[in-house]
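# Secondary and tertiary structure notes
Spelled out, the chains give:
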Amino acid sequence: MSGEIDPDVDLRVEGQRRELVGHHVQVLGAIALGGGLGAVARYGLAQAMPVRPGQFPWATFVTNVSGCLLIGVLMVLVARAHRLVRPFFGVGVLGGFTTFSTYAVEFQNLLRAGQVGLAFAYLAGTLVSAVIAVLIGVKTTRSVVRA
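Right, let's walk through the structure included here. In this text the structure is predicted, and so the values were computed from the model without any measurement.

With that out of the way, let us pick up the overall build of the protein chain. On a plain count of helices and strands, the protein chain comes out with 6 helices and 0 strands. When the helices and strands of the protein chain are read in sequence order from the N terminus, they spell out α-α-α-α-α-α. Looking at the protein chain as a whole, 29% of its 147 residues are labelled buried. Taking contacts inside the protein chain between residues at least 6 apart in sequence as the whole, the part at least 24 apart equals 68%.

Relative to the helices and strands, Thr 140 resides in helix H6 (residues 116-146). By relative accessible area, Thr 140 is classed as partly exposed at 44%. A C-alpha to C-alpha distance of 7.8 Å links Thr 140 and Val 73, two positions 67 residues apart in sequence.

Counted under the stated rule, the structure contains 8 aromatic pairs. Ring centres 5.2 Å apart and planes at 85° place the aromatic pair Phe 56 and Tyr 122 in the edge-to-face group. With Phe 56 in the loop between helix H2 (24-48) and helix H3 (58-77) and Tyr 122 in helix H6, this pair connects stretches of sequence that are 66 residues apart.

This part is about the packing of H3 against H6. Viewed as axis vectors pointing N to C, H3 and H6 meet at an angle of 30°, and their least axial separation amounts to 7 Å. Between H3 and H6, the crossing angle belongs to the class labelled roughly parallel. Of the two elements, H3 crosses H6, and the hand of that crossing is right-handed. Its residues assigned to classes, the contact of H3 with H6 shows 14 nonpolar, 8 polar and 1 charged.

So, about the layout of surface pockets. Here the second largest pocket defines a volume of roughly 160 Å³. Along the walls of the second largest pocket sit 14 residues, with Ala 46, Ala 59, Thr 60, Thr 102 and Glu 106 positioned nearest its centre. Listing elements by their share of the lining of the second largest pocket, those giving two or more residues are H2, H3 and helix H5 (100-112). For the lining of the second largest pocket, the element with the highest residue contribution is H3, accounting for 4 residues.

Within the largest apolar cluster, 11 residues are counted, these being Phe 56, Phe 61, Val 65, Cys 68, Tyr 103, Phe 107, Leu 110, Ala 119, Tyr 122, Ala 130 and Ala 133. Of all the secondary structure elements, the ones that give two or more residues to this core are H3, H5 and H6. Once residues lying within four places of it in the same chain are set aside, the contact partners of Val 65 are Thr 126, Ser 129, Ala 130 and Ala 133.

Conventions and cut-offs
Residues numbered from 1 in each chain as written. Predicted model: local features only at pLDDT ≥ 70, side-chain atom pairs only at ≥ 80, totals over all residues. Heavy atoms only, no water. Helix = DSSP H or I, 4+ residues; strand = E, 2+ residues; numbered from the N terminus. Buried < 20%, exposed > 50% of the residue type's maximum accessible area, 1.4 Å probe, protein only. Contact = heavy atoms within 4.5 Å. Phe/Tyr/Trp six-rings, centres within 6.5 Å; stacked < 30°, edge-to-face > 60°. Axes fitted to C-alpha atoms, helices over the stretch in contact; angles between N-to-C directions. Parallel < 35°, antiparallel > 145°, perpendicular 65-115°, else oblique. Left-handed = near helix turned anticlockwise from the far one by under 90°. Nonpolar A, V, L, I, M, F, W, Y, C, P; charged D, E, K, R; others polar. 1 Å grid on protein atoms, 1.4 Å probe; cavity = no way out; pocket = protein on both sides within 12 Å on 5 of 7 lines; lining within 4 Å. Points joined across faces, edges and corners; volume = space filled by probe spheres on them. Core = buried A, V, L, I, M, F, W, Y, C linked by side-chain atoms within 4.5 Å.

Shape is all these values report; function is a separate question.
Rendered as C-alpha cells:
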C-alpha cells in the first residue's frame, strides 16, 4: 500500500490495526486543519448571506450544494493524490464547510414559522441539487482529466 492508510481498516484484525501505527497523527492533523478552514469559509458565507426567519436559507443551500460539487471533483482527483489529500480536503475542508445539520435545523425553523411549502421545497431542493452537484463535479472533472 506504499504507506497509505486504508479507510476501511477493521480494528478487530491485528494486521489491519498495525497499518494505523505512526500515521494517525498526520491524518488527524490534516483533518483538523482542513476542518478549521472549511468552518471559517462556511461562517464567512453565512455572514455574507444572512437568513431571516421564514425566508429561504440561501447561505446553507449554496454551502451544501457547492460543497457537494467539490466532493465530486475531489473523488475523481483523489486517486492520484498524496495520502493526506482526502483527509484534508474531503473530511476536513469539505466536512467543515458543508453543514447538513444546519440544513435540518433550518428546515425545522421554516416549519415552525408556518412556511410548510418553503420548508419542503428547501428539504427536497437541497437533496436533489446536492446529488446533481456531485454528479456534475464527477463528470466535469473526468472530462477535464481525460482531455
